[in-house]
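So you can see what is in the structure, the chains are spelled out below.
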Amino acid sequence: MGNIAFVNENKTVVAADGANLREKAIQNGVDIYTLGGKLMNCGGYGQCGTCIVEIVEGMENLSPKTDFEQRKLKKKPESYRLACQTMVNGPVSVKTKPK
């Protein structure tokens, strides 16, 4: 069990091991999408790449990057993840809508 700290929103939520980062954000009223993402997101199926978040702390407590993430984020910093593809297995700090 771990907490997810959403840095920009100053909000911490409790997550069971294996919880999906995108689902926990939505369940707790945390907006992870930019305007384009709101209009064109795939609903969490890992196909659009619009739910990008930056992991500030706790990268070791997340599931490994999927093949889709590897391709979609190859020109982004290593700390970027797709929330819909990320499972949380311990405490983590997240920045939504990284620049």
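As shown above, the structure is provided for reference.
This one's a predicted model, so the numbers in the text were calculated from it and none came from an experiment. (Residues numbered from 1 in each chain as written. Predicted model: local features only at pLDDT ≥ 70, side-chain atom pairs only at ≥ 80, totals over all residues. Heavy atoms only, no water.)

Participant: With reference to specific residues and values, describe the pairing of strand β1 (residues 2-6).
Facilitator: Only one face of β1 is covered, namely the face carrying Gly2, Ile4 and Phe6; the face carrying Asn3 and Ala5 is uncovered. The hairpin formed by β1 and strand β2 (residues 11-15) contains four residues between the paired strands, and Asn10 there has a positive phi angle of roughly 55°. As paired strands, β1 and strand β7 (residues 92-96) are joined by three bridges and run parallel to one another. Across the sheet, Phe6 pairs through a bridge with Val94, a residue of β7. (Buried < 20%, exposed > 50% of the residue type's maximum accessible area, 1.4 Å probe, protein only. Helix = DSSP H or I, 4+ residues; strand = E, 2+ residues; numbered from the N terminus. Pairing = 2+ DSSP bridges.)

Participant: Talk me through the nonpolar core; I want residue IDs and the actual numbers.
Facilitator: Ranked by internal contacts, the top residues of the largest apolar core, which has 23 residues, are Ile4, Phe6, Leu21, Ile32 and Val94. Only β1, β2, α1 (21-27), β4 (52-57), β5 (80-82) and β7 provide two or more residues apiece to this core. For this core, the element with the highest residue contribution is β4, accounting for three residues. Residues in contact with Phe6, not counting those within four places in the same chain, are Lys11, Val13, Leu21, Ala25, Val30, Val94 and Thr96. (Core = buried A, V, L, I, M, F, W, Y, C linked by side-chain atoms within 4.5 Å. Contact = heavy atoms within 4.5 Å.)

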